[in-house]
Amino acid sequence: MTAELIDGKAVSLKIKERVQQRVEKLKTNGITPGLSVILVGDDSASQTYVKNKKKTCESLGMRSDLHLYPASLTEQELLKKIDELNNDPDIHGILVQLPLPAQIDEFKIITAIAPEKDVDGFHPISVGNLMIGKDTFLPCTPHGVMVLLEHYGIDPAGKHAVVIGRSNIVGKPVGQLLLQKDATVTYCHSKTPDLKAMTQQADIIIAAIGRAKFIGADHIKEGAVVIDVGMNRDENGKLCGDVDFEAVRERASFITPVPGGVGPMTIAMLMENTLLSAEKGLSKDKASESV
Ligand code: GUN
């Protein structure tokens, strides 16, 4: 069996087109969705990510401010900036790029962002709402994975989904979203004694480990759906995922490439969240006008 390719680039383009149309509509009501992105330090991968976020915002007609700070920024200074952005009516989304330098407490920063502007879906209120199945901002990468599955007609109901990785950004929330869609979910991680024994039972594998080409053909059963969230460099410095793509594609039914799979979906879902936040603000304004 050779797997069908899940084309995240094509799906993300469709989502962005729809976002752009809704942005145009909002603009006729005098509202331009605005995203503030904060980067502390000079990590080159993070710099590329935040610049892409800004560029994509602008290409869809949204406003984006990029706030770049040196790695020496204090926690107090960052909290002050977040407070300012929380109170700025033209800003509908706030994103603080992670990781942060050691002197800054990540949890304090995430919880300082107003939940109604938490377009990353990382605030404990957003995470709690996700856990209990309430409407909330969904974290972008896990949401992107779910949209890809849906787009390709892959229904998680009754399937065994094995998530490899337990980060707050990807592993834990993607497992919750799969559970909401009636999958049976197993979480695996670095302390799982026999990973292969688990992954070989999976109908759907979500690889979010952070190790280049770690998942080989012998990890998967014939016909499994393989979603690769990894973003690594191989021995030649070439971008690759957590999955050995060439080997696994011969056994899987569907597979995401890296690049061009989950990656483009993350930004598309961030754009959608920022738009949703601006739309929610408009409907609130309209409701208060009619009182
Ligand atoms: N670092 C890696 N992924 C992400 C993300 O989705 N959002 C933020 N804020 N930081 C990240």
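These notes cover the structure that comes with them. (Residues numbered from 1 in each chain as written. Predicted model: local features only at pLDDT ≥ 70, side-chain atom pairs only at ≥ 80, totals over all residues. Heavy atoms only, no water.)

## Some thoughts on helix α6 (residues 140–151)
Think of an α-helix as 3.6 residues a turn; residues three or four steps apart then line up on the same face. The condition is simple: Helix and strand labels come from DSSP, where a helix needs a run of H or I of at least four residues and a strand needs a run of E of at least two; each type is numbered from the N terminus. Helices are assigned an expected span. That span is 1.5 Å times one less than the residue count. Under the scheme applied here, a residue whose accessible area is under 20% of the maximum for its type counts as buried, over 50% as exposed, and between as partly exposed, the area being computed with a 1.4 Å probe on protein chains only.
Helix length check: α6, at 12 residues, gives a terminal C-alpha distance of 16 Å against a target of 16 Å (1.5 Å per residue), a fit within 8%. Of all 12 residues in α6, 10 are buried, a share of seventy percent or more. Burial in α6 covers these residues: Cys140, Thr141, Pro142, His143, Gly144, Val145, Met146, Val147, Leu148 and Leu149. In the segment just after α6, Gly153 is the residue with positive phi, at about 70 degrees.

## Re the packing of aromatic side chains
Rules: Aromatic pairs are defined between Phe, Tyr and Trp rings, using the six-membered ring for Trp, whenever the two ring centres lie within 6.5 Å; interplanar angles under 30 degrees are classed as stacked, those over 60 as edge-to-face, and all others as tilted.
Applying the stated criterion across every chain, the model contains one aromatic pair. An angle of 65 degrees between the planes, with centres 6.2 Å apart, marks the rings of Tyr152 and Phe254 as edge-to-face. Highlighted residues: Tyr152 in the loop between α6 and β5 (160–164) and Phe254 in strand β11 (residues 254–255), separated in sequence by 102 residues. The pair Tyr152 / Phe254 is uniform in exposure class, with both members buried.

## Remarks on the site of the ligand
Put simply, the test is: Consider each residue's heavy atoms; a residue with any of them within 4 Å of a molecule or strand counts as near. For this analysis, a polar contact is any N or O atom pair within 3.5 Å, provided that within protein one partner can donate a hydrogen and the other can accept it, and provided that sequence-adjacent residues contribute only side-chain to side-chain pairs. Three residue categories are used. Nonpolar comprises Ala, Val, Leu, Ile, Met, Phe, Trp, Tyr, Cys and Pro, charged comprises Asp, Glu, Lys and Arg, and polar comprises the others, including Gly.
Close to the ligand lie Leu95, Val96, Gln97, Leu98, Asp120 and Phe122, which account for all nearby residues. Note that a nitrogen atom of the ligand is positioned 2.8 Å from one of the backbone N or O atoms of Val96. The contact in question runs from a nitrogen atom of the ligand to an N or O atom on the backbone of Leu98, over 2.9 Å. Class assignment of the residues belonging to the shell around the ligand gives a composition of four nonpolar, one polar and one charged.

## Some thoughts on the pairing of β5
Put simply, the rule is: At least two bridges found by DSSP between two strands are what make those strands a pair. If you view a crossover with the strands going away from you and the path from the first strand over the helix to the second runs clockwise, you call it right-handed.
Burial analysis of β5 places five of its five residues in the buried class, which makes it a mostly covered element. Residue alternation in β5 divides its side chains into two sets, His160, Val162 and Ile164 and Ala161 and Val163, and both sets are buried. Examined bridge by bridge, β5 and strand β6 (residues 184–188) share five bridges and lie parallel to one another. Across the sheet, the residue bridging to Ala161 is Val185, located in β6. Note on the crossover from β5 through helix α7 (residues 171–180) to β6: the handedness is right-handed. When β5 meets strand β7 (residues 204–207), the two strands line up parallel, connected through four bridges. Across the sheet, Ile164 pairs through a bridge with Ala207, a residue of β7.

Nothing here speaks to function; it is geometry throughout.
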